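# Observations on the three-dimensional arrangement
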Amino acid sequence: MEFNERNLADRLSEKRIGNNIQFFKEVESTNDVASRLAKSGAPEGTVVIADCQTKGKGRLKRQWQSPPGCNIYTSIVLRPAIDPMFAPQITLMTGVAVADLLSVYCPENVTLKWPNDVQIRGRKVCGILTEMSASAAKGVDFIIVGIGINVNIERVDFDESFRDIATSLKEEAGSEISRLDLTVKLFDNLENVYTRMLAEGFGFLKDMWLRYSDMVGKRIQVVFNDDVQAGEVLGIDDFGALIIADENDVIRRVMAGDASIVKE
Ligand code: BTN
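So, a few notes on the structure that sits alongside this text. (Residues numbered from 1 in each chain as written. Predicted model: local features only at pLDDT ≥ 70, side-chain atom pairs only at ≥ 80, totals over all residues. Heavy atoms only, no water.)

## A look at the overall build of the chain
A tally of regular secondary structure across the chain gives six helices and 12 strands. Relative to a compact globule of 264 residues, whose C-alpha radius of gyration would be 18 Å, the chain shows 18 Å and is just as compact. In terms of overall dimensions, the chain has C-alpha extents of about 60 × 50 × 30 Å along its principal axes. When each of the 264 residues of the chain is scored for burial, the buried share is 51%. (Helix = DSSP H or I, 4+ residues; strand = E, 2+ residues; numbered from the N terminus. Rg over C-alpha atoms; globule rule 2.2 N^0.38 Å. Buried < 20%, exposed > 50% of the residue type's maximum accessible area, 1.4 Å probe, protein only.)

## Notes on helix 1 (residues 5-12)
Residues lying three or four places apart along an α-helix face the same way, a consequence of the helix completing one turn every 3.6 residues. Taken together, the buried positions of helix 1 are occupied by Asn7, Leu8 and Leu12. Looking down the long axis of helix 1, one finds its buried residues gathered within 120 degrees of arc, a one-sided arrangement. For helix 1, the exposed residues set more than 90 degrees away from the buried face come down to Arg6 and Asp10. At its buried positions, helix 1 is contacted by strand 1 (20-27), strand 2 (46-53) and helix 5 (179-200). (Arc of directions from axis to C-beta. Contact = heavy atoms within 4.5 Å.)

## Section: the site of the ligand
Looking at the ligand, there are 20 residues lining it, with Ser29, Gln53, Lys57, Arg59 and Lys124 nearest. Taking Lys57, its main chain carries an N or O atom lying 2.7 Å from an oxygen atom of the ligand. Lys124 is positioned with one of its side-chain polar atoms (N or O) 2.5 Å from an oxygen atom of the ligand. Among the elements of the structure, helix 2 (30-39), strand 3 (72-78), strand 6 (123-135) and strand 7 (139-149) are those that each provide at least two residues to the shell around the ligand. Ranked by residue count, the leading element in the shell around the ligand is strand 6, at four residues. Of the residues in the shell around the ligand, the class split is five nonpolar, 11 polar and four charged. (Near = heavy atom within 4 Å. Polar contact = N/O pair within 3.5 Å; in protein donor to acceptor, adjacent residues only side chain to side chain. Nonpolar A, V, L, I, M, F, W, Y, C, P; charged D, E, K, R; others polar.)

## Some points on the side chain of Ser66
Among the structural elements, Ser66 can be located in the loop between strand 2 and strand 3. By relative accessible area, Ser66 is classed as buried at 7%. Within the structure, the side chain of Ser66 is placed 3.0 Å from the side chain of Gln53, a separation counted as a polar contact. Here the side chain of Ser66 touches Trp64 through a polar contact of 2.7 Å, landing on its backbone oxygen. The contact partners of Ser66, leaving out residues within four places of it in the chain, are Cys52, Gln53, Gly56 and Tyr73.

## Focus: the sheet that holds strand 8 (residues 219-224)
One key point about sheets: their strands pair by backbone hydrogen bonds, in either a parallel or an antiparallel sense. Here five strands make up an open sheet; going across it, the order is 11-10-9-8-12 and the pairing antiparallel. The open sheet has two edge strands with one neighbour each: strand 11 (251-254) and strand 12 (258-261). Here the strands of the sheet are splayed against their neighbours by 45 degrees on average, with no regard to which way each runs. The sheet contact formed by strand 8 and strand 12 spans four bridges and is antiparallel. Paired with Val222 across the two strands is Ala259, which belongs to strand 12. (Pairing = 2+ DSSP bridges. Axes fitted to C-alpha atoms, helices over the stretch in contact; angles between N-to-C directions.)

Function cannot be inferred from these measures alone, as they are strictly geometric.
What follows is the structure, encoded as structure tokens:
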């Protein structure tokens with residue numbers, strides 16, 4: 001079945017996430033389109049999906065490679081009644097929803113890398129870019145959850161600089177995967193964890209996130225601009241920070257950066 005608005009709408013009409021679908025052949029960035037829609041009042045659960053992006057955005061102002069016909073690029077409008085300081089929980093929640101989804105195809109091989117990468121056999125298959133609009137007075141107005149999943153892209157089509165560190169679901173599962181099915185299941189998973197998080201809080205998600213992470217107990221380093229922090233990973237906290245113990249056993253909270261496991 002073709003990956004288009006009508007086929008998605010047929011399967012998502014009853015849902016909290018996906019009740020309002022905006023499908024595009026090409027956009028600059030689905031996050032930017034979703035932000036504009038949210039600013040003009042789009043309801044929670046509105047999703048923007050594009051077949052390709054010409055200015056796909058990654059974390060830390062990087063680009064997200066977004067060719068047509070093979071991958072998923074989507075952004076979801078959420079309006080949770082949470083304190084803005086807890087917004088990173090939404091990123092971690094999304095990582096868990098994607099990890100659950102991809103584990104169906106590649107059981108045992110999916111890991112989460114703080115703060116927002118989903119990996120299969122140690123290679124990045126999905127990135128998440130969460131952007132928030134909030135004010136001190138009103139709290140969270142909206143959060144845009146941007147998700148890019150490398151679904152059927154071939155290894156040779158990755159930019160050379162990513163070829164050794166990225167992968168696609170097809171590459172790992174061994175066969176082409178329907179973007180339509182995957183997108184429907186993605187929104188379903190997200191709806192389940194989001195609804196449960198609003199009802200029960202972050203605790204169960206933290207446990208799930210830690211089960212998927214391959215970092216706990218390992219020595220890592222986190223690079224952010226010119227700053228490098230190193231230590232053993234103890235876990236994450238309710239604000240989405242990575243908790244590490246440095247070489248003097250001082251406990252530190254790391255808020256942002258690129259984490260990698262130090263090979264001993
Ligand atoms: C990262 O790992 O750096 C985050 C990548 C996020 C990419 C997705 S693709 C859909 C959405 N629109 C964007 O411009 N970026 C996100």
